[in-house]
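Commentary on secondary and tertiary structure
Below, each chain spelled out in residue letters.
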Amino acid sequence: EIAGELGADNLTGGAGADDFHVGNDTSNDTVNDFDWGAAIGTTTVDQVEILANYLGGADGADAAAGLQTGAAFAQTVTVATGVVGIGATTDVAIFTGTTYNNAAALDTALEALAAGTVTQDFFAFYQDGFGNTRMAIAESDGNEDGADFTVTDVYTFTGVTIGSIAGLIDTGDFIVV
């Protein structure tokens, strides 16, 4: 298991299957050699591990409807442009047709979703304005009140583009505990 400390760290795995553990903080670590495998549904190589109640609502998002675990964690959504297609069962959203400069810009786009419907938290992969692939956690507060989502960047992946990994990511790449 590979985990960063407080602050932004550079994380590098070994030659085998590695678990990159997301800390329960708001730092954005850089992952240098994450292996997504050869195709969806093939043998899992590296994995992202995270607590289902990431941040526990400390950042203003809800603590009750965290990331799904077990069999409930089962749906991947690829979104070509914008946030269309994200629904109540989305666990992983991959934004392939639009770049967002940072987590705040993605948060602004997610505010268009109906938070009363999209009540669970989900992983959000996007490309920033510099071409970096980022993974964020999007937390829904479950209320339609204008500040429905809180987006926190947790990883920046080097050596990949959002297009190159969009066809590789599946729920087997994650451990949610």
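What comes next concerns the included structure. Starting from 1, residues in each chain are numbered consecutively following that chain's sequence as written. Local features in a predicted model are, by the rule used here, given only for residues with pLDDT of at least 70; side-chain atom pairs are given and counted only at 80 or more, and totals for whole chains, interfaces and linings are based on all residues. To obtain the side-chain values, all non-hydrogen atoms of the structure were used and water was disregarded.

**Let's talk about the overall build of the chain**
Helix numbers and strand numbers start at the N terminus; a helix is a DSSP run of H or I with at least 4 residues, a strand a run of E with at least 2. Scanning the chain from N- to C-terminus turns up 2 helices and 11 strands. Listing every helix and strand of the chain by position from the N terminus yields β-β-β-β-β-β-β-α-β-β-β-α-β. Remark: exposure states derive from per-residue accessible area (1.4 Å probe, protein chains only) relative to the maximum for the residue type, with buried under 20%, exposed over 50%, and partly exposed in between. Across the 177 residues that make up the chain, the buried fraction comes to 48%. Long-range contacts, defined as pairs at least 24 residues apart, comprise 60% of the intrachain contacts of the chain with a sequence gap of at least 6. Method for areas: the Shrake-Rupley scheme with a 1.4 Å probe, in which residue coverage is limited to the protein chains shown. As presented, the chain carries roughly 7300 Å² of accessible surface, and 52% of it is formed by carbon and sulfur atoms. By definition, residues are in contact when any of their heavy atoms lie within 4.5 Å.

**Some words on the sheet that holds strand S5 (residues 47-50)**
Sheet strands pair via backbone hydrogen bonds, and the direction of the pair is either parallel or antiparallel. Here 4 strands make up an open sheet; going across it, the order is S1-S3-S5-S11 and the pairing parallel. At either margin of the open sheet sits one strand with a lone partner, and together these are strand S1 (2-3) and strand S11 (174-176). Bridge count between strand S3 (residues 19-21) and S5: 3 bridges; the pairing is parallel. Counterpart to Phe20 in the pairing with S5 is Val48. We treat two strands as partners when DSSP finds at least two bridges between them.

**Focus on empty space enclosed by the protein**
Site definitions follow a grid-based scheme: protein atoms alone, a 1 Å grid, a 1.4 Å probe that fits but cannot get out for cavities, and for pockets an open set with protein on both sides within 12 Å along at least five of seven lines, plus lining residues having an atom within 4 Å of a point. Grid points are joined across faces, edges and corners, and a volume is the space filled by probe spheres set on the points. This model, assessed by the stated rule, comprises 2 cavities of 30 Å³ or more. What the largest cavity holds in volume is close to 50 Å³. Around the largest cavity, the lining residues are Gly4, Glu5, Val22, Gly23, Asp25, Ser27, Asp29, Val154 and Tyr155. Here the lining of the largest cavity is built from residues that sort into 3 nonpolar, 3 polar and 3 charged. Classes in brief: Ala, Val, Leu, Ile, Met, Phe, Trp, Tyr, Cys and Pro nonpolar; Asp, Glu, Lys and Arg charged; the others, Gly included, polar.

**What to know about helix H1 (residues 103-110)**
Of all the residues in H1, the buried ones are Ala103, Leu106, Asp107 and Leu110. The buried side chains of H1 occupy one side of the element, clustering within an arc of 105° when seen end-on. Exposed and facing more than 90 degrees away from the buried side of H1 are Ala104 and Thr108. Next to the buried residues of H1 lie strand S7 (92-99), strand S8 (122-127), strand S9 (133-140) and strand S10 (149-157). Where H1 begins, the side chain of Asn102 points an oxygen toward the backbone nitrogen of Ala104, at a separation of 3.1 Å. The directions considered for the arc are those from the helix axis to the C-beta atoms. Here a polar contact means two N or O atoms within 3.5 Å. Within protein one must be a hydrogen donor candidate and the other an acceptor candidate, and residues neighboring in sequence count only if both atoms are side-chain atoms.

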